[in-house]
Amino acid sequence: MILYHTSDRRIEHPDISFSRAYLDFGKGIYTTPNRGQAEKYAKRFFKEERPAFLNIFELDDDVEGFTHYTFEAYDGEWLDYVVMCRRNQPHNVYDIVEGGIADDDVFNTLDLYVSDLIPREEAIKRLRKKNPNWQICLCNQQLIDKHLHFVESIELKNDAS
C-alpha cells in the first residue's frame, strides 16, 4: 500500500521519537493513502512560510505479528479512543491504527465534548454527520523499520504565492 506523509522536510527514515504526544491515535507516524489529502495538508506549512515535502512510502501488505485496528467511522468508539490518546490516558495501543482525522471541524466537536460543553450523545450525533479524512498511524518503530519503505520525496510548491 502506498502511503503519504507531509512534512517540512524529506523523511527517508521515519522515527517515532520525533512524534508529538497527545495526537488522535497517540505517538506515531501519521500517513494517509489519499495523496490529495496529504498535498492539502501542506497548506499548514505554507502558512508558516516553511517548505512542504510529500514523502511517499510503501507499506508491506503482510505485517504479520503486528496489531492493527480500524475505526470505520466517527462514532463513540472513535471518540473514546481519541480522547484517551489526547489526554495520554491508558488505552489499547496498536501497532497500526486507522480512522478519521480530528481535523478543524471535527476537533471543534471534540473540544466541546472534552470541555463538558456538550454531552457524549451530542458529540457522537455531530460526528456521524462528518465524512472522515483518513489517516493511518504507525505506532511501532520496529514495524516502521521492517515494513515501511521510502519511495521518494517531492517538494510541494505553494500555489497561493
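The coordinates are above.
Attention here is on the structure that accompanies the text. Residue indices follow the written sequence of each chain, beginning from 1 at its first position. Two thresholds apply to this predicted model, a pLDDT of at least 70 for residue-level local features and 80 or more for giving and counting side-chain atom pairs, whereas whole-chain, interface and lining totals are computed over all residues. Values reported for side chains reflect all heavy atoms of the structure, with hydrogen atoms and water molecules removed beforehand.

1. Remarks on the overall build of the chain
A tally of regular secondary structure across the chain gives six helices and seven strands. When the helices and strands of the chain are placed in sequence order, the string is β-β-α-α-β-β-α-β-α-α-β-α-β. With the radius of gyration taken over C-alpha atoms, the globule rule is written as 2.2 Å times the number of residues to the power 0.38. Compactness check: the chain gives a C-alpha radius of gyration of 16 Å against a globular reference of 15 Å for 161 residues, within 12% of the reference. We call a residue buried when its accessible area falls under 20% of the maximum for its residue type, exposed when it is over 50%, and partly exposed in between, using a 1.4 Å probe and counting protein chains only. Here the chain holds 161 residues, and the buried ones make up 43% of them. Contacts: residue pairs with any heavy atoms within 4.5 Å of one another. Sequence-distant contacts in the chain: of pairs separated by 6 or more residues, those separated by 24 or more amount to 83%. For the chain, the accessible area works out to roughly 9400 Å², and carbon and sulfur atoms hold 47% of it. The positive count covers Lys and Arg only, the negative count covers Asp and Glu only, and His and the chain ends enter neither. To locate a charge, the coordinates of NZ of Lys, CZ of Arg, CG of Asp or CD of Glu are taken. Distance from the positive charge centre (20 side chains) to the negative charge centre (29 side chains) of the chain: 7 Å. Counting from the N terminus, the helices are DSSP H or I runs at least four residues long and the strands are E runs at least two residues long. The protein chains shown are the only cover counted for residues, whose accessible areas, like all others here, come from Shrake-Rupley with a 1.4 Å probe.

2. Remarks on the nonpolar core
What is meant by a nonpolar core is a set of buried Ala, Val, Leu, Ile, Met, Phe, Trp, Tyr and Cys residues, joined one to another through side-chain atoms within 4.5 Å. Residues F25, W78, L79, Y81 and V97 are the most contacted members of the largest nonpolar core, which totals 23 residues. Put simply, the parts of the chain that give this core at least two residues each are helix 3 (76-86), helix 4 (104-114) and helix 5 (120-128). In terms of residue count, helix 3 provides more of this core than any other element does, six residues in total. Excluding residues within four positions of it along the chain, L79 makes contact with L110, Y113, R120, A123, I124 and L127. Ranked by size, the runner-up nonpolar core spans 14 residues in total, among them L138, L143, I144 and L148.

3. Let's talk about the sheet that holds strand 6 (residues 134-138)
Pairing is mixed in the open sheet, where four strands are placed in the order 2-6-5-4. Both edges of this open sheet fall to strand 2 (29-31) and strand 4 (68-70), since each of them pairs with a single strand only. Taking the axes of each pair of neighbouring strands and ignoring which way they run, one obtains an average angle of 20 degrees across the sheet. Sheet analysis places strand 5 (residues 96-100) next to strand 6, joined by five bridges and oriented antiparallel. What makes two strands pair is DSSP finding at least two bridges between them. A fitted line through C-alpha atoms represents every axis, and for helices the fit uses only the stretch in contact; the resulting angles, taken between N-to-C directions, go from 0 to 180 degrees.

4. Quick notes on helix 3
Taken as a whole, helix 3 has its buried residues at G76, W78, L79, Y81, V82, V83 and C85. Contacts made by the buried residues of helix 3 are with strand 5, helix 4 and helix 5. Looking at the residues trailing helix 3, positive phi occurs at N88, about 55 degrees.

That is the geometry; function is a separate question.
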